[in-house]
Amino acid sequence: MIDAIAGLGRGAIDTLARLGRGLLFFLRVLPGMPGLLPRPGLVTAQIYSLGVLSLPIILVSGLFVGMVLGLQGYTTLVDFGAEESLGSLVALTLVRELGPVVTALLYAGRAGSSLTAEIGLMKATEQLGGLEMMAVNPHHRVMAPRVLGGMIAVPLLACIFTAVGVLGGYFVGVGLLGVDAGSFWSQMQSSVDLREDVINGVVIKSLAFGVVANAIAVFEGADCVPTSEGVSRATTRGVVNTSLAILGLDFILTALMFGDF
Amino acid sequence: MPLNSQSLADEPLVHIRGLRFERGDRAIFDGLDLDIPRQGVTVILGPSGTGKTTLLKLIGGQLRPQAGTIRVDGQEVTKLRTGALYELRKRMGMLFQSGALFTHLSVFENVAYPLREHTRLPESVLRVVVLMKLQAVGLRGAWNLMPSELSGGMARRVALARAIALDPMMILYDEPFTGQDPISMGVLVRLIRRLNDALGLTSIVVTHDVHEASTIADRMVLISDGKVVEGGSPQAIHESRSPWVRQFMDGLDDGPVPFHYPAPDYAEDLLRGSAP
């Protein structure tokens, strides 16, 4: 019994210590970002490898999520004779929730895991130590461009995911199930508010998710045990922690933005 | 107290006193004293796991000791702030055991990396400097290869070219001969000596390859059990009667470094009956 309580306490202390290390790590990375202004190539290279190379999975997933939303929405709305509202349902669901959240989850699996593995392997092969000994701060030269590049890429990917999702919903609703195209677009236009929905949902939420996803991915890589097993564990931990953090943060942000608290 | 230029020149380049460094509950160094004189090759020998690489990291300021002082060129490394430490590191080169080349950059870009970071050389001048460094290690013709296309020995030579890119005062070599075939080893041994003499460097070579170390060392230091157990010229080390030195130099399986890892009594352990 005592052992169980002690184990629980140890686990809580370890978790808090990791959180503290993660925060300190992020505070060491942040000052490196202004230094990237004269060297934009470092950031654009990361936007390419983290963002552009994630496009296929984002495009395909966005299309299918939108198509499923169109199909499910139609079968529910048609019972109430409200299938004309399909455009508004698809758009609000994507803009407020699914766009930023699913994009961030997909990003964590595709790009976040590769970030963790890359940084972990750089640590295991002493490349980070090599930078230190060359008087180059790895937090500024390696971590900061990746975090900043990822922070820029995630909102852009969320916008693309949402747009493709709306097109998928349109294709199923209007193209296959016969919803009126004018109603689809006009309902969407009248119900989606730029500030309330688009800025809050796609922009602010996905920006917050981008910060969290990239900071966790890079931290897990830098904090890993520098062995093949350590890198593998860090990669798994990075994806799991990022996913949980995104879902938890989503609830908090949704409550703040749309809840009546 | 800051040292004036004359007393600085008289002081050893690396001056370590009362060094204590622990990992977990285990003391890697416990009261280690060591001087590395300027301009020469000092070889640090010791059994595996004795903390040779850790010592290099302490000298380079990558690790902080629990106690003791480490002065490098008159500066107390343990007390330097990040900016000052980075300034000092610009005058140090380090050759890692793995080479630590950046795998996404070509040989040329790897050697150019510290120059691009710390200088504003025009591209034409930078190209000349990089080719000169690569020529010094015999790999000018490999400038466009990627690290994955290099053999282990070539990777270390590229790493050596990168380590001397900023014309440092000192180079730290971490196990440079490990895993090398006899030709690559011979090349590295001669390169270390030749570069040291041609560039007027101070070289600190950490290794357990006794024979190769003896051929290039001006001074050899044997560390074991967290302390310096012997130091002197290669000849003095070879002739030493110290049991530590004899066990290491003659490759004896038992001695001051025991063959058996500390364990409970053998008979008791066998008779206990259940798995530990």
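Structure: see above.
Colleague: Let's hear about the environment of A:Gly22: which residues, and what values?
Modeller: Relative to the helices and strands, A:Gly22 is located in helix 1 (residues 2-29). Counting along the chain gives 201 residues from A:Gly22 to A:Asp223, while the straight-line C-alpha distance between them is 8.7 Å.

Colleague: Please provide a residue-by-residue account of the interface of chain B and chain A, values included.
Modeller: In this assembly, 21 residues from chain B lie in contact with 15 residues from chain A. Summing both sides of the interface, chain B and chain A together bury roughly 1,600 Å²; the carbon and sulfur share of this comes to 58%. Along the contact surface separating chain B from chain A lie 3 salt bridges. Residue A:Glu132 pairs with B:Arg89 through a salt bridge whose shortest N-O separation is 2.8 Å. Where chain B packs against chain A, one counts 8 residue pairs in polar contact (both at pLDDT 80 or more). The element best represented in the side of chain B that touches chain A is helix 4 (residues 107-118) of chain B, accounting for 4 residues. Looking at the side of chain B that touches chain A residue by residue, the class counts come to 10 nonpolar, 6 polar and 5 charged.

Colleague: Tell me about the packing of aromatic side chains, residues and numbers included.
Modeller: Overall, the coordinates contain 6 aromatic pairs over all chains when judged by the stated rule. One aromatic cluster in this structure is built from A:Tyr170, A:Phe184 and A:Trp185. One cation-aromatic arrangement involves B:Arg162 over B:Phe102; the distance from NZ or CZ to the ring centre is 4.8 Å.

Colleague: Before we move on, could you go through the sheet that holds strand 10 (residues 227-232) of chain B and cite the residues and values that matter?
Modeller: All names here are of chain B. The sheet built from 6 strands is open, its strands ordered 6-7-8-3-9-10 with mixed pairing. If you trace the sheet from one side to the other, it starts and ends with strand 6 (92-95) and strand 10, each paired once. Each neighbouring strand pair of the sheet contributes to a mean axis angle of 15°, computed without reference to strand direction. Both strand 9 (residues 219-224) and strand 10 contribute to a ladder of 5 bridges, which runs antiparallel. Paired with Val221 across the strands is Gly231, a residue of strand 10.

Colleague: Could you give me a rundown of the pairing of strand 3 (residues 40-45) of chain B, with the residues and numbers involved?
Modeller: All names here are of chain B. For strand 3, the buried fraction is high: 6 of the 6 residues fall into the buried class. Across the two faces of strand 3 the burial is the same, with Gly40, Thr42 and Ile44 and Val41, Val43 and Leu45 all buried. Two strands pair when backbone bridges link them, and strand 3 and strand 8 (residues 202-207) are joined in this way by 6 bridges, in the parallel orientation. Looking at strand 8, one finds that Val41 is bridged to Ser203. Bridge count between strand 3 and strand 9: 4 bridges; the pairing is parallel. Bridge assignment links Leu45 to a residue of strand 9, and that residue is Leu222.

Colleague: Could you give an account of the layout of surface pockets, with specific residues and numbers?
Modeller: Over the atoms rolls a probe the size of a water molecule, and in doing so it shows where empty space is left. Approximately 890 Å³ is the volume found for the largest pocket. Forming the boundary of the largest pocket are 25 residues, of which A:Lys123, A:Leu128, A:Glu132, A:His139 and A:Ala222 lie nearest the centre. Looking at the lining of the largest pocket, the elements with two or more residues in it are helix 1, helix 4 (86-124), helix 5 (127-133), helix 6 (138-176) and helix 8 (194-222) of chain A together with helix 3 (82-89) of chain B. For the lining of the largest pocket, the element with the highest residue contribution is helix 6 of chain A, accounting for 4 residues. Considered class by class, the residues forming the lining of the largest pocket number 11 nonpolar, 6 polar and 8 charged.

Colleague: Before we move on, could you go through the side chain of B:Arg246 and cite the residues and values that matter?
Modeller: Residues and elements named next belong to chain B. Relative to the helices and strands, Arg246 resides in helix 10 (residues 243-250). Given the relative accessible area of 14%, Arg246 is considered buried. Among the polar contacts listed, one links the side chain of Arg246 to the backbone oxygen of His238, at a separation of 3.1 Å. Those residues in contact with Arg246, other than ones at most four positions away along the chain, are Ile237, His238, Glu239, Ser240, Arg241, Gly251 and Leu252.

Colleague: Hey, could you go over empty space enclosed by the protein for me, with residue numbers and the actual values?
Modeller: Within the structure shown, the criterion is met by 1 cavity of 30 Å³ or more. By volume, the largest cavity is sized at about 140 Å³. Looking at the lining of the largest cavity, the elements with two or more residues in it are helix 5 of chain A together with strand 6 and helix 6 (152-163) of chain B. By residue number, the principal contributor to the lining of the largest cavity is strand 6 of chain B, which donates 3 residues. For the lining of the largest cavity, the residue count by class is 10 nonpolar, 2 polar and 3 charged.

Colleague: I'd like a rundown of the environment of A:Asn200, residues and numbers included.
Modeller: Residues and elements named next belong to chain A. Structurally, the position occupied by Asn200 is in helix 8. Looking at Asn200, the relative accessible area reads 11%, which means it is buried. With 72 residues separating them along the chain, Asn200 and Leu128 place their C-alpha atoms 38 Å apart. If sequence neighbours within four positions are ignored, Asn200 has contacts with Arg195, Lys205, Met257 and Phe258.

Scoring rules and cut-offs
Residues numbered from 1 in each chain as written. Chains lettered and ligands numbered in written order. Predicted model: local features only at pLDDT ≥ 70, side-chain atom pairs only at ≥ 80, totals over all residues. Heavy atoms only, no water. Helix = DSSP H or I, 4+ residues; strand = E, 2+ residues; numbered from the N terminus. Contact = heavy atoms within 4.5 Å. Buried area = accessible area lost by both parts, 1.4 Å probe. Salt bridge = Lys/Arg side-chain N within 4 Å of Asp/Glu carboxyl O. Polar contact = N/O pair within 3.5 Å; in protein donor to acceptor, adjacent residues only side chain to side chain. Nonpolar A, V, L, I, M, F, W, Y, C, P; charged D, E, K, R; others polar. Phe/Tyr/Trp six-rings, centres within 6.5 Å; stacked < 30°, edge-to-face > 60°. Lys NZ or Arg CZ within 6 Å of the ring centre and 35° of its normal. Pairing = 2+ DSSP bridges. Axes fitted to C-alpha atoms, helices over the stretch in contact; angles between N-to-C directions. Buried < 20%, exposed > 50% of the residue type's maximum accessible area, 1.4 Å probe, protein only. 1 Å grid on protein atoms, 1.4 Å probe; cavity = no way out; pocket = protein on both sides within 12 Å on 5 of 7 lines; lining within 4 Å. Points joined across faces, edges and corners; volume = space filled by probe spheres on them.

Keep in mind these numbers describe shape, not what the thing actually does.
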